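A look at the structure
Here's the letter readout for the chains.
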Amino acid sequence: MPNPLNLSDAADLIDVSIQDIWLKGSDKESRQFEQFFNVESGVVDYFMKDSSLSGLGYAGRIVENAAVTAQSPVQGYDKTYTQVQFGVLLSFTKFMWVFGIKKRNLTNITDEARKACTDKREQLCADRLDNSFSSSYTVNDISGNYAVTITGGDGLAMISASHTREDGGANWNNRITDGTTVNMDFEYDALKAAHRTAALIPNPQGKPTNVGLDTLVVSRGYAVDNRATEILGAINKGWIAGSADRDGPFATPAGSAPGYKIIRSPWITTNTLYWWMFDSSMKGPRYGLQYKESQGIELEGPNLVFKTGEVQYKATMMFDLGHNDPRGWTGSKNTNAT
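Residues numbered from 1 in each chain as written. Predicted model: local features only at pLDDT ≥ 70, side-chain atom pairs only at ≥ 80, totals over all residues. Heavy atoms only, no water.

1. Looking at helix α2 (residues 111-130)
The terminal C-alpha atoms of α2 lie 28 Å apart, and with 20 residues this matches the ideal 28 Å at 1.5 Å per residue to within 8%. Across the 20 residues of α2, 15 count as buried, placing the element largely inside the fold. (Helix = DSSP H or I, 4+ residues; strand = E, 2+ residues; numbered from the N terminus. Expected span 1.5 Å × (residues − 1). Buried < 20%, exposed > 50% of the residue type's maximum accessible area, 1.4 Å probe, protein only.)

2. Quick look at the nonpolar core
Within the largest apolar cluster, 39 residues are counted, with the highest numbers of intra-cluster contacts made by F36, F37, L129, V217, W276 and W329. Looking at this core, the elements with two or more residues in it are β4 (84-92), α1 (94-102), α2, β5 (136-141), β9 (275-278), β10 (289-304) and β11 (311-323). Contacts of F37, omitting those with residues within four sequence positions, involve C125, R128, K283, L289, Q290, Y291 and L321. In terms of nonpolar packing, the next biggest core, distinct from the first, is built from 27 residues, F186, V211, L232 and I262 among them. (Core = buried A, V, L, I, M, F, W, Y, C linked by side-chain atoms within 4.5 Å. Contact = heavy atoms within 4.5 Å.)

3. Notes on helix α3 (residues 188-199)
An ideal rise of 1.5 Å per residue puts 16 Å on twelve residues; α3 measures up with 17 Å between its terminal C-alpha atoms. Burial in α3 covers these residues: Y188, A190, L191, A193, A194, H195, T197 and A198. Buried residues in α3 make contact with α4 (223-236), β9 and β12 (329-332).

4. A look at the pairing of β10
For strand β1 (residues 38-40) and β10, the ladder comprises three bridges, and the chain directions are parallel. What sits directly across from E40, in β10, is K292. Of the pairings in the sheet, the one linking β10 to β11 comprises eleven bridges and is antiparallel in character. Across the sheet, residue L299 finds its bridge partner in β11, namely A315. (Pairing = 2+ DSSP bridges.)

5. A look at unusual backbone geometry
Between G301 and P302 the backbone carries a cis peptide bond, its omega angle lying at 5°. Along the chain, P302 turns up in strand β10. The residue N183 is not glycine, and still its phi comes out positive at about 55°. With respect to the helices and strands, N183 occurs in the loop between β6 (144-149) and α3. Phi at N210 is positive, roughly 65°, even though this residue is not glycine. Within the secondary structure, N210 is located in the loop between α3 and β7 (215-219).

6. Notes on the pattern of salt bridges
Applying the stated criterion across every chain, the model contains eleven salt bridges. With a closest N to O distance of 2.8 Å, E230 and R227 form a salt bridge. Note that E230 and R227 are positioned in helix α4 at a spacing of three residues, about one turn of the helix. The partly exposed category is assigned to E230, whose relative accessible area is 49%. Shared partners join several salt bridges into a network, and the residues in it are E166, D325 and R327. (Salt bridge = Lys/Arg side-chain N within 4 Å of Asp/Glu carboxyl O.)

7. Regarding the layout of surface pockets
One water molecule sets the probe size; rolling that probe over the atoms shows where empty space is left. Looking at the second largest pocket, its volume works out to about 340 Å³. Lining the second largest pocket are 20 residues, and of these S52, P204, R286, Y287 and D325 sit closest to its centre. Within the lining of the second largest pocket, the residues separate by chemical class into seven nonpolar, seven polar and six charged. (1 Å grid on protein atoms, 1.4 Å probe; cavity = no way out; pocket = protein on both sides within 12 Å on 5 of 7 lines; lining within 4 Å. Points joined across faces, edges and corners; volume = space filled by probe spheres on them. Nonpolar A, V, L, I, M, F, W, Y, C, P; charged D, E, K, R; others polar.)

8. Side note on the sheet that holds β1
If you trace the four strands from one edge of the open sheet to the other, you get β1-β10-β11-β4, paired in mixed fashion. The sheet terminates laterally at β1 and β4, the two strands that pair on one side only. The sheet shows a mean angle of 25° between the axes of neighbouring strands, taken without regard to direction. Contacts from α1 reach β4 and β11, with the element oriented near 70° to β4. The strands touched by α2 are β4, β10 and β11; relative to β11, the strand with the most contacts, the crossing angle is about 20°. (Axes fitted to C-alpha atoms, helices over the stretch in contact; angles between N-to-C directions.)

9. Quick look at the packing of aromatic side chains
One pass over the structure, following the stated rule, counts twelve aromatic pairs. Centre to centre, the rings of W97 and Y313 are 5.9 Å apart; their planes meet at 35°, and the pair counts as tilted. Linking W97 in helix α1 with Y313 in strand β11, this pair joins segments that are 216 residues apart in sequence. Residue classification places W97 among the buried positions, given a relative accessible area of 12%. Here Y313 falls in the buried class, since its relative accessible area comes to 12%. Measuring from centroid to centroid gives 4.4 Å for F278 and W329, while their planes differ by 15°, and the two rings are stacked. (Phe/Tyr/Trp six-rings, centres within 6.5 Å; stacked < 30°, edge-to-face > 60°.)

Dropping the structure here:
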């Protein structure tokens with residue numbers, strides 16, 4: 001894209017034979033990421049670190065005249081969030097602004113700078129799921145490529161079969177499995193396997209975490225989305241998916257009324273067959289994906305370049321993404337294999 005935009009780069013704007021010119025940009029500003037990220041705004045520090053301290057394990061029996069057995073909490077993992085600035089600049093020659101943009105009443109093109117930021121934010125948030133089985137990935141944008149480490153407090157990928165436990169106990173797993181098949185494709189049996197996987201996630205002291213999966217995240221329009229719509233749609237109506245059996249449907253979470261929510265993301269574009277489930281009641285500062293924002297999206301301008309008359313607008317934002325403790329989340333590569 002030329003910078004600044006000049007008349008020869010958009011000649012239709014000054015073509016008097018063309019009566020109507022439409023601005024075709026983003027339809028709306030999206031905030032879908034808030035449905036699966038815990039959002040914290042108003043951050044005032046460049047670096048922000050969180051940690052945790054576990055509760056206690058189980059109490060023990062005390063025989064007559066015996067001392068109560070002592071127990072201590074366990075130190076959790078640390079996670080540092082570092083603010084990153086993102087932005088975009090719109091620039092027009094004076095001739096383009098006067099005879100093209102203003103004459104055609106397209107001054108709302110400046111809103112596209114803001115929308116470019118909202119779309120980038122959605123993409124970066126979705127990338128955390130798109131690459132959730134990896135410890136790092138490469139971001140591609142207009143400023144160039146750069147590597148991002150996306151491990152949690154335990155130094156592992158968000159979805160892993162070998163998450164370490166804070167008290168040094170046995171590792172735990174949040175890759176969806178029925179005990180035999182790993183990374184199951186999304187079918188009715190895999191839905192049950194997801195709940196089995198969640199039920200086996202321990203807290204830092206080895207006690208059950210009590211995860212109740214109720215929300216599915218998929219790439220919009222792909223096979224998993226279509227099948228999930230069929231299966232969860234049937235369950236939410238009280239039917240057994242893909243079956244003529246007269247048993248009751250598999251409810252979620254255990255002991256509550258049936259009902260699943262599906263988040264369909266158009267920004268998950270690489271691993272479109274992956275799928276994830278999480279407990280929405282655990283979405284908060286302790287568990288899951290975190291969005292730490294020091295500056296929301298701000299549109300600045302116009303700035304006039306004195307020598308040339310060039311008109312400039314820019315939009316910027318500052319935040320960081322990550323997770324410390326992925327308990328509450330499960331995921332599958334949809335491969336029926338490791």
